Amino acid sequence: MTEIVDNGTHRFAIPMPLQIVIDDVGWWSGSNDSEVGGPYRTGVDRDHGPEDYTAIAELGRKLGMRPQAAFIACEWDRENILREIPTSTWMGREWDNSRWVGPWLDEAADVLRENRNHVELVAHGVGHEYWEGGEFTRAEFHLLGGVMRPRQEVLRHLEAFGRILDQNDLGPFPESYVPPAFIHSFGNGEDGMQPILRDFGIRFVSTHICTAKQFAPPQNERLTVECGVMLVDRGNVGIPWYEFASEPRWVTGQPIYGLHWPNLLHSDPSRNLETVDRWVEALSPYDHLLDGLLAPDTAACWTQFA
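These notes cover the structure that comes with them. Every value quoted in this text rests on a predicted model; they were computed, and no experiment measured them. (Residues numbered from 1 in each chain as written. Predicted model: local features only at pLDDT ≥ 70, side-chain atom pairs only at ≥ 80, totals over all residues. Heavy atoms only, no water.)

**Some remarks on the packing of aromatic side chains**
Here is the rule we go by: Geometry of aromatic contacts follows a simple scheme: Phe, Tyr and Trp rings, the Trp one being its six-membered ring, pair when their centres are within 6.5 Å, and the pair is stacked under 30 degrees between planes, edge-to-face over 60, tilted otherwise. By the criteria applied, helices consist of DSSP H or I runs no shorter than four residues and strands consist of E runs no shorter than two, each listed in order from the N terminus. Partly exposed residues are those whose accessible area sits between 20% and 50% of the maximum for their type, while under 20% is buried and over 50% is exposed, using a 1.4 Å probe and protein chains only. A ring has a charge above it when a Lys NZ or an Arg CZ is no more than 6 Å from the ring centre and no more than 35 degrees off the ring normal.
By the definition in use, this model includes 19 aromatic pairs. Here the aromatic rings of Phe-173 and Phe-200 are separated by 5.2 Å at their centres, their planes lie at 40°, and the arrangement is tilted. Of the two residues, Phe-173 is situated in the loop between helix H3 (151-167) and strand E8 (176-177) and Phe-200 in the loop between helix H4 (193-199) and strand E10 (204-207); the sequence distance between them amounts to 27 residues. Under the relative-accessibility criterion, Phe-200 is labelled partly exposed at 21%. Arg-99 extends its terminal NZ or CZ atom over the ring of Trp-100, reaching a point 3.9 Å from the ring centre.

If you want it as structure tokens, here you go:
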């Protein structure tokens, strides 16, 4: 918690900022295919559409923020470039994304481009997991336990992520990153993940610092800086990742409100804004606390938290 100081005449505090981070944006299918070797996706029983991107933009507009949309890119691949990287999808070298190439790509891309002041596109991954021989292991950039994938594979996946953004005119490459499944590592300097992210232009990472593989201790249990990249602890609000129209929970004392895409959406996409308005109503009071504020963007949040 941020300490409030009362000197008898004035009460003052350095407010705790809050940024909203929304995971697993980018899937068109919502189906959880993990039991048959496919991705978890968003784990819901409907497909996604442009109106689901509008929901994020409206959340940001109404709160005066740029929420992070942590983006999975594979189902935006218009040119099937992921055939070149068989570890990136469940189809391997037989990758074919023609099912998801259609006018909805342009419509959703327009929403993201036109609302850059209300949505921050964030690197999350290409397919979220890592496939070998038709089977996946968690996660795309690190094994369970925080051992980084081979450097060349990490580079190929991140380069493909950038190429798919370019196919859809969604560049430049993001400045923020959310590790898939929150599996990450830090503390090994130039041999680790942070210098790779830095070289792609990434400056900000949010994850669970306490569960990341630590080659050296963090500078603070909730924040560390390595190779010019700042890592901030995500915390946990306890909302299921696959739940539509989640009931907002009030949190204090942490800089990140971590959600997954369905939490902001309705099972009926025409009613998405009903859910968004409920979140706006719940989070707006945070901006009027003496010891809290809604961060306008990630850079403001990370520096205020530091």
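Following the structure, the description resumes.
**Topic: the side chain of Thr-87**
Short version of the rule: The term polar contact refers here to a pair of N or O atoms within 3.5 Å; inside protein, the definition further demands a hydrogen-donor-capable atom paired with an acceptor-capable atom, and it admits residues adjacent in sequence only when both atoms are side-chain atoms. For this analysis, residues touch if any pair of their heavy atoms sits within 4.5 Å.
One can find Thr-87 in the loop between strand E4 (68-72) and helix H2 (103-114). A distance of 2.8 Å separates a polar atom in the side chain of Thr-87 from a polar atom in the side chain of His-157. When residues no more than four places from it in sequence are discounted, the contact partners of Thr-87 are Glu-129, Tyr-130, Trp-131, Glu-132, Glu-153 and His-157.

**Section: the nonpolar core**
In plain terms, the rule: Here the nonpolar core consists of buried residues drawn from Ala, Val, Leu, Ile, Met, Phe, Trp, Tyr and Cys, with membership extended through side-chain atoms lying within 4.5 Å.
Counting 85 residues, the largest nonpolar core has Ile-20, Tyr-53, Leu-59, Phe-71, Trp-76 and Tyr-257 as the members making the most contacts within it. When residues in this core are grouped by element, the largest group, seven residues, is from H3. Discounting chain neighbours no more than four positions away, the residues touching Leu-59 are Ile-20, Ile-22, Pro-67, Leu-264, Val-276, Trp-279 and Val-280.

**Description of H3**
Using the following cut-off: Expected helix span is taken as 1.5 Å per residue step, with the number of steps being one fewer than the number of residues.
The first and last C-alpha atoms of H3 sit 24 Å apart over 17 residues, in line with the 24 Å expected at 1.5 Å per residue. Within H3, burial applies to Glu-153, Val-154, Leu-155, His-157, Leu-158, Ala-160, Phe-161, Gly-162, Ile-164, Leu-165 and Gln-167. Lining the buried residues of H3 we find E4, strand E5 (120-125), strand E6 (130-132) and H4. Looking at the residues trailing H3, positive phi occurs at Asp-169, about 55°.

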